Amino acid sequence: MGAKTIAVLTSGGDAPGMNAAVRAVVRSAISFGMSVYGVMRGYNGLLNGDIKEMNMRSVSDIIQHGGTSLFTARSPEFNTNEGVQKAADFCRAKGIEGVVVIGGDGSFRGARDLCGAGIPCIGVPGTIDNDIACTDYTIGYDTALNTAMEMIDRIRDTTESHDRCSVVEVMGRRCGDIALHTGIAVGAMATLVPEVPYDFQRDIVDRMKAAQQTGKRHYIIVVAEGVGHTQELTERIQAATGIESRATVLGHVQRGGSPTLRDRVVASRMGYHAVELLYNGASNRVVALKGEQVVDFDITEALNMPRIFDENLYRVSARLSI
Ligand code: F6P
């Protein structure tokens, strides 16, 4: 028999759509006849007893908001054996028989450890980075892409007016997905990602010069933060080409804002699936999207899966960008 009382928390970097996932967990749990607690500020809430019982109205009017109404944190204390035991003891004391953890792979390692301490956990992928190997999609990714695209469209206006080169750094930690997809969408002249090494002369300078010959006068280069050194790269480009260049680091603007329809719908489906798993007595699973299907994997296996970068799409993007 599955859990009768569960908890939900958001952990790690926030992502647009986390609220939709929290709402789905709370509403699904209540509809299955379960009690549900919201845990404040990630795993910290399990360590300091900061939880609140949720009802249908606790999650009203949050589906359209970015950020997370449960707040979030990275919890160094929870990353110790004592911390995990303390959190598990707190869950037992409160009768919490299952926890839905919405976050990235760091949060899933915490969920795996909490499972090891006897508390069933289900992970729901929530991060703008799309860097979780077992799933094609993470909650927040689509909103971040659309925000980055809109910001770079704006940057293009001024880049064009000045006949300049703009080098724009996007987020993604060690994953190049935000850069690749944004680069295609904004028509970047080059996109640099950590998964594919680049040659400064061949992939940037020669390309810019070839494009210049065809009459091009302004350039957008998208760089994933995992490549790094954006300011230095920008200065090198100016020195090597003579084209006035500017660097922009988009930063946390990519993490905020109202979630897109895709993020709201995927988050709702994943939140529901997580509760269904706990209701059916499952534990130590990660919810994932494969194609358009919501599926789930063992957390430990999911954490060991290698992430596959879409090199074919990267090649397509390189062909289009000139
Ligand atoms: O994981 C989401 C993310 O925004 C990454 O893209 C980025 O590297 C990191 O979090 C930034 O973390 P913080 O908000 O702690 O600066």
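Calculation criteria
Residues numbered from 1 in each chain as written. Predicted model: local features only at pLDDT ≥ 70, side-chain atom pairs only at ≥ 80, totals over all residues. Heavy atoms only, no water. Domains from an automatic or database assignment. Contact = heavy atoms within 4.5 Å. Buried area = accessible area lost by both parts, 1.4 Å probe. Salt bridge = Lys/Arg side-chain N within 4 Å of Asp/Glu carboxyl O. Core = buried A, V, L, I, M, F, W, Y, C linked by side-chain atoms within 4.5 Å. Buried < 20%, exposed > 50% of the residue type's maximum accessible area, 1.4 Å probe, protein only. 1 Å grid on protein atoms, 1.4 Å probe; cavity = no way out; pocket = protein on both sides within 12 Å on 5 of 7 lines; lining within 4 Å. Points joined across faces, edges and corners; volume = space filled by probe spheres on them. Helix = DSSP H or I, 4+ residues; strand = E, 2+ residues; numbered from the N terminus. Pairing = 2+ DSSP bridges. Axes fitted to C-alpha atoms, helices over the stretch in contact; angles between N-to-C directions. Near = heavy atom within 4 Å. Polar contact = N/O pair within 3.5 Å; in protein donor to acceptor, adjacent residues only side chain to side chain. Areas by Shrake-Rupley, 256 points an atom, 1.4 Å probe, with all protein chains shown as cover. Sits in = over half its atoms within 2 Å of the grid points. Parallel < 35°, antiparallel > 145°, perpendicular 65-115°, else oblique. Left-handed = near helix turned anticlockwise from the far one by under 90°. Nonpolar A, V, L, I, M, F, W, Y, C, P; charged D, E, K, R; others polar. Expected span 1.5 Å × (residues − 1). Arc of directions from axis to C-beta. Phe/Tyr/Trp six-rings, centres within 6.5 Å; stacked < 30°, edge-to-face > 60°. Lys NZ or Arg CZ within 6 Å of the ring centre and 35° of its normal.

**Q** Pulling in residues and values, what's your account of the domain arrangement of the protein?
**A** Splitting the protein by domain gives domain 1 (5-140 + 259-304) and domain 2 (143-255). On a C-alpha basis, the centroid separation for the pair domain 1 and domain 2 is 35 Å. At the interface, 12 residues of domain 1 touch 11 residues of domain 2. Across the domain 1 to domain 2 interface the summed buried area is about 990 Å²; carbon plus sulfur atoms make up 47%. In this assembly, domain 1 and domain 2 are joined by two salt bridges.

**Q** Any chance you could break down the nonpolar core for me, citing the residues and the numbers?
**A** Among the nonpolar cores identified, the biggest contains 74 residues, and Ile-6, Val-8, Met-208, Ile-221 and Ile-237 are the most heavily contacted of them. Residues within four places of Ile-237 in sequence aside, it is in contact with Cys-165, Val-167, Phe-200, Ile-204, Met-208, Ile-221, Gly-242 and Ser-245. In this structure, Ile-51, Phe-90, Ala-117 and Ala-302 belong to the second largest nonpolar core, which totals 30 residues.

**Q** Could you give me a rundown of the layout of surface pockets, with the residues and numbers involved?
**A** Volume-wise, the largest pocket comes out at about 770 Å³. Around the largest pocket, the lining is made up of 38 residues, and of these Gly-104, Asp-105, Gly-106, Asp-131 and Arg-173 lie nearest the centre. Counting residues per element, the ones that place at least two in the lining of the largest pocket are helix H4 (105-116) and helix H10 (299-304). At six residues, the largest contribution of residues to the lining of the largest pocket is made by H4. Both domains that meet at the lining of the largest pocket, namely domain 1 (5-140 + 259-304) and domain 2 (143-255), each give it at least three residues. Within this model, the second largest pocket holds a volume of roughly 250 Å³.

**Q** Quick rundown of the sheet that holds strand S3 (residues 51-53)? Include the residues and the values.
**A** Taken together, seven strands build an open sheet; the order of strands is S3-S2-S1-S4-S5-S10-S11 and the sheet is mixed. With partners counted over all chains shown, the strands left at the sheet margins are S3 and strand S11 (293-298), one partner each. Averaged over all pairs of adjacent strands, the angle between their axes in this sheet comes to 25°, without regard to strand direction. Bridge count between strand S1 (residues 5-10) and strand S4 (residues 98-103): five bridges; the pairing is parallel. Within the sheet, the bridge partner assigned to Ala-7 lies in S4 and is Val-99.

**Q** Could you give me a rundown of the site of the ligand, with the residues and numbers involved?
**A** Close contacts around the ligand come from Arg-74, Thr-127, Ile-128, Asp-129, Met-171, Gly-172, Arg-173, Glu-225, His-252 and Arg-255, and that covers them all. With respect to the ligand, the side chain of Arg-74 contributes an N or O atom lying 2.6 Å from an oxygen atom. Contacts to the ligand include Arg-255, whose side-chain N or O atom sits 2.7 Å from an oxygen atom. Protein chains shield 75% of the accessible area of the ligand, which is 400 Å² for the free molecule. According to the grid-proximity analysis, the pocket containing the ligand is the largest pocket.

**Q** Give a description of the sheet that holds strand S8 (residues 219-224) that names residues and reports values.
**A** Read across the open sheet, the four strands follow the order S7-S8-S6-S9; overall the sheet is parallel. With partners counted over all chains shown, the strands left at the sheet margins are strand S7 (190-192) and strand S9 (245-249), one partner each. Sheet twist, expressed as the mean angle between neighbouring strand axes with direction ignored, is 15°. As judged from the three bridges shared by S7 and S8, these two strands associate in the parallel manner. In the sheet register, Ala-190 faces S8, and the bridge partner there is Ile-221. The strands touched by helix H5 (residues 141-161) are strand S6 (165-170), S8 and S9; relative to S6, the strand with the most contacts, the crossing angle is about 165°.

**Q** With reference to specific residues and values, describe the packing of helix H6 (residues 177-186) against helix H11 (residues 311-320).
**A** Relative orientation of the contacting elements H6 and H11 amounts to 30°, with a least axis distance of 10 Å. On the basis of the axis angle, H6 is roughly parallel to H11. Remark: the crossing between H6 and H11 carries left-handed chirality. Contacts between H6 and H11 involve Leu-180, His-181 and Ile-184 on the former and, on the latter, Leu-313, Tyr-314 and Ser-317. Residues of the contact of H6 with H11, tallied by class, amount to four nonpolar, two polar and no charged.

**Q** Describe the side chain of Thr-191, listing the residues and the values that go with them.
**A** Following the sequence through the fold, Thr-191 ends up in strand S7. Among residues more than four places away in sequence, those in contact with Thr-191 are Ala-179, Leu-180, Gly-183, Val-222 and Tyr-314.

**Q** Provide a residue-level description of H4, including the pertinent values.
**A** Spanning 12 residues, H4 covers 16 Å between terminal C-alpha atoms, matching the ideal 16 Å at 1.5 Å per step. Residues Ser-107, Phe-108, Gly-110, Ala-111, Leu-114 and Cys-115 constitute the buried set of H4. Down the axis of H4, the sector holding all buried residues measures 155°, keeping them to one side. Where the residues of H4 are buried, they touch helix H2 (44-47), helix H3 (81-94), S4, strand S5 (121-125), strand S10 (285-290) and H10. Just downstream of H4 lies Gly-118, where phi reads positive at about 100°.

**Q** Quick one: what's the story with the packing of aromatic side chains, residue by residue and with numbers?
**A** One pass over the structure, following the stated rule, counts five aromatic pairs. Taking 4.6 Å as the distance between ring centres and 20° as the angle between the ring planes, the aromatic pair formed by Phe-32 and Tyr-279 counts as stacked. Linking Phe-32 in the loop between helix H1 (18-31) and strand S2 (35-39) with Tyr-279 in helix H9 (residues 261-279), this pair joins segments that are 247 residues apart in sequence. Residue Tyr-279 is classed as partly exposed on the basis of its relative accessible area of 31%. Lying across the ring of Phe-71, Arg-41 places its NZ or CZ 4.3 Å from the centre. Between Arg-262 and the ring centre of Tyr-137, over which it is positioned, the NZ or CZ distance is 4.5 Å.

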